[in-house]
Amino acid sequence: MSESIAEYDAIVIGAGFGGCYLVHHLRKMGYKVHGYDAGSEFGGTWHHNQYPGARVDSHAPFYELTIPEVYESWNWSRNYPNWQELQSYFRHMDSKLNLRKDYTFNTWLTDAIFNEKTNRWDLKFKNGDRATCRFFIPSLGLSAAPMTPNYKGLNDKFKGEVYHTSRWPKKTVNMEDKNVVVIGTGASGLQCIQEISPVVKNLYVFQRSPCFALPMPQEDLSDYSYANRRKNYEGWYKNRAQGFSGFNIPKSSRKGTDDTPEQKKQFFDEVWAKKGFYFWVANYSDLFFNKETNDAAYAYWRASIHKRVHDKEKAEKLAPKVAPYPFGCKRPSLETHYYEQYNRPNVHLFDIKEEPIIEFTEDSVITKSGAKKVDMVITATGFDALTGPYTRINIQGRNGRTLKDKWFEEGATTYLGITTYGFPNMFFIGGPQSPIIFTNNPSCLQAQADVVFDVMKNMDAQGIDTIEPILDNETAYAKQVRDVGDNSLFMQAKGWYIGANVPGKREELLSWLGGLEAYNELLEDMKQFNGFKVN
Ligand code: N01
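Residues numbered from 1 in each chain as written. Predicted model: local features only at pLDDT ≥ 70, side-chain atom pairs only at ≥ 80, totals over all residues. Heavy atoms only, no water.

**With respect to the overall build of the chain**
Put simply, the rule is: Put simply, DSSP marks the helices as runs of H or I at least four residues long and the strands as runs of E at least two long, and each gets a number from the N terminus on. The quantity called the radius of gyration is restricted to C-alpha atoms. Its globule counterpart is 2.2 Å times the number of residues to the power 0.38. To sort residues, take the accessible area from a 1.4 Å probe on protein chains only and compare it with the maximum for the residue type: under 20% means buried, over 50% means exposed, and anything in between is partly exposed. Method for areas: the Shrake-Rupley scheme with a 1.4 Å probe, in which residue coverage is limited to the protein chains shown.
A count of helical and extended segments in the chain gives 15 helices and 19 strands. The C-alpha radius of gyration of the chain comes to 23 Å, within 12% of the 24 Å expected for a compact globule of 535 residues. The principal-axis extents of the C-alpha atoms in the chain amount to approximately 70 × 55 × 50 Å. Within the chain, buried positions represent 59% of all 535 residues. Accessible surface, the chain as shown: approximately 21700 Å² in total, 48% of it carbon and sulfur.

Below, the structure is given as structure tokens:
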């Protein structure tokens, strides 16, 4: 524990994509910047989420930072790399940029308090460290606050191993010949199930809602000529910042309501054949707004699943006749052989709504059909996404008001998904009301960080000490984000996109749905401080 207070121009919290990009560039711009992370290494999400089968479902080379020193010397072996390769990527980045010299790890930020006398942020860490800075830039990741289920007996009686997917231990976890429970079938559960089914003795999957997963077009890149591919990088990177999704997947302007059933079938065949997120991002433009279009997409998807799952009862649980929520309004994960796992005799599927978990005993899970012996429980139960990572920290702005209170009372209200009234010189990257949910994450994080760099530069050039959004502008922006959500089908899908998975959290669409290109245009205003009060 140090007695002194470290002084910086800027402090970045987080050592994932956003944090690394920020520290690298701010340092180059001549700022005295320091990064902190609660984990023991670089990687953010990918440092913690190393559960079996964890793999990104955004493809290379879009899912990386556009830092030439890093990408020019880095080759992915797959276009959808696994956690091991993603961790190697971060090690490579550090070896090229020596980020480590300006980072402190294993340091949990407990308090960040804006000091109205000095106009600086005063930070305290769990280990006793203290620091102060002019610019406070948290880049905490959307999934840094795991949600754990509170089943009777799980935490106090059950004697077997219990792991949350996003807090997977840094040791080998042996599952061979074990009876394993997986609770939750979102992206994490699905990937884990896909990987461990062939290994375990029995797998008991407890599903509350099915995931509408799409085929992952995985490719082996090891034989590619990277020299040739890299010639395209500059163009790709430029395009990714200008498209809707931050990928090379174009958004369609075609509406399902304009097409006959035959035309719809033909259109679905086309987008389905492209695999990956095409059936989501490049689907009809009214997919998220029109029930008829959405139902048609769901029916098409459902038929593809029923072809792969032999047991009709299981198939019906995985892809029910009536969609339990609108298609694509919870995140569709990508899979390669998930559905085939349910053809294995050792993989048992329970719909929690029909067969709830009654309790865990020392060595079993009890449901209405009896007790099943269990050695390990894996909870893949998701996150208090977007706001949770921020509201767990005591972040206090003007007049001692905390961000937690503000977002609890008003909902996740921000200006441009990057600042919030009452919290001067705080720029959050990848947080609520940014486009992060609907875009390739590095594309969104970089767009936000780039505008922060310009804002800081312009502030210094014009002798401005603090910047803070004007309340009316914030209210209007926040309303715009929510109104789009309220007029969409998203509000009918009770998942993390709208905060419905967290008891007591206000239900609202938590992300900007207008696409990255339109968002970038809004950010242009910020560079000139339009909509902001400056001092
Ligand atoms: O979390 P989730 P996730 N009892 O919230 C269920 C990113 N990600 O970790 O839908 C029983 O999606 C819950 O049921 P329901 C990606 O953005 C990316 O899987 O609320 N079940 C749901 O089935 C992703 O979307 C990658 O009814 C309970 C599941 O648990 C996001 O992270 C990989 C329950 C949670 O699904 C989150 O994914 C992994 C309870 N008490 C994650 N509580 C890739 O890039 C919750 N559930 C590949």
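**Describing the sheet that holds strand β14 (residues 364-367)**
Formally: Note on pairing: DSSP must find at least two bridges between two strands before they are called paired.
Pairing within the open sheet is antiparallel, and its three strands lie in the order β13-β14-β15. The open sheet has two free edges, formed respectively by β13 (359-360) and β15 (370-373), since each of these has just one partner strand. As defined by bridge partners, β13 adjoins β14 across two bridges and the pair is classed as antiparallel. Of the residues in β14, the one forming a bridge with Phe360 is Val365.

**A word on the pattern of salt bridges**
Short version of the rule: Every case where a carboxyl oxygen of Asp or Glu lies within 4 Å of a side-chain nitrogen of Lys or Arg is listed as a salt bridge.
According to the stated counting rule, one finds 31 salt bridges in the structure shown. Residues Asp102 and Arg27 are paired through a salt bridge, measuring 2.8 Å at the closest nitrogen-oxygen approach. Of this pair, Asp102 sits in the loop between α4 (83-97) and β3 (103-104) while Arg27 sits in helix α1 (residues 17-28), placing them 75 residues apart in sequence. Exposure remark for Arg27: the relative accessible area of 22% places this residue in the partly exposed category. Across the pair Lys159 and Glu362 runs a salt bridge whose closest N-O atoms are separated by 3.5 Å. Taken together, the residues Lys159 in the loop between β6 (130-138) and β7 (161-164) and Glu362 in the loop between β13 and β14 connect sequence positions 203 residues apart. When salt bridges that share partners are traced, they join Asp454, Lys457, Glu524 and Lys527 into one network.

**Regarding the site of the ligand**
Rule in force here: Summary of the distance rule: residues count as near a molecule or strand when at least one heavy atom falls within 4 Å of that molecule or strand. Whenever a nitrogen or oxygen atom comes within 3.5 Å of another N or O atom, the pair is scored as a polar contact, on the condition that within protein one atom can donate a hydrogen and the other can accept it, and that pairs from neighbouring residues in sequence are kept only if both atoms are in side chains. Charged means Asp, Glu, Lys or Arg here, nonpolar means Ala, Val, Leu, Ile, Met, Phe, Trp, Tyr, Cys or Pro, and polar covers whatever is left, Gly included.
Around the ligand lies a shell of 23 residues, among which Arg55, Tyr151, Ser188, Ser209 and Lys330 are the nearest. Measuring from an oxygen atom of the ligand, one finds a side-chain N or O atom of Arg331 at 3.3 Å. In this structure, an oxygen atom belonging to the ligand sits 3.2 Å away from a side-chain N or O atom of Trp496. Taking 910 Å² as the accessible area of the ligand by itself, protein coverage stands at 86%. When residues of the shell around the ligand are assigned to their parent elements, the largest contribution, three residues, is made by helix α5 (residues 187-196). In the shell around the ligand, the residues fall into 10 nonpolar, eight polar and five charged.

**Regarding the nonpolar core**
What counts is decided by this rule: By nonpolar core we mean a set of buried residues, namely Ala, Val, Leu, Ile, Met, Phe, Trp, Tyr and Cys, connected to one another through side-chain atoms within 4.5 Å. By the convention used here, residues are in contact when the closest approach between their heavy atoms is within 4.5 Å.
One finds Ile137, Phe279 and Trp301 to be the most contacted residues of the largest nonpolar core, which totals 137 residues. Tallying contributions element by element places helix α13 (residues 441-461) first for this core, with 10 residues. What Phe279 contacts, discounting residues up to four positions off in sequence, is Leu214, Phe268, Val271, Trp272, Ala297, Tyr300, Trp301 and Phe327. Grouped together as the second largest cluster of nonpolar side chains are 22 residues, Tyr8, Phe114, Leu140 and Ile395 included.

**Here's the deal with the side chain of Gln433**
Within the secondary structure, Gln433 is located in the loop between α12 (403-410) and α13. When its relative accessible area of 1% is taken as the criterion, Gln433 is described as buried. Within polar-contact distance, the side chain of Gln433 engages the backbone oxygen of Ala412 at 3.0 Å. Of the polar contacts made by the side chain of Gln433, one reaches the side chain of Thr414; its length is 2.8 Å. Each residue touching Gln433, except ones within four places of it in the same chain, is listed here: Ala412, Thr413, Thr414, Leu416, Gly417, Tyr477, Ala478, Val481, Arg482, Leu510, Ser511 and Trp512.

**Remarks on the sheet that holds strand β9 (residues 202-207)**
Keep this limit in mind: Between the N-to-C directions of two axes lies an angle of 0 to 180 degrees, each axis being a line fitted to C-alpha atoms and, for a helix, fitted only over the stretch in contact.
Here we have five strands laid out as an open sheet, ordered β7-β16-β8-β9-β12, and parallel in their pairing. Unpaired on one side and paired on the other, β7 and β12 (347-351) mark the two borders of the sheet. Taken pair by pair, the neighbouring strands of this sheet meet at an average axis angle of 15 degrees, ignoring direction. One ladder, built from five bridges, connects β9 with β12; its direction is parallel.

Nothing here speaks to function; it is all geometry.
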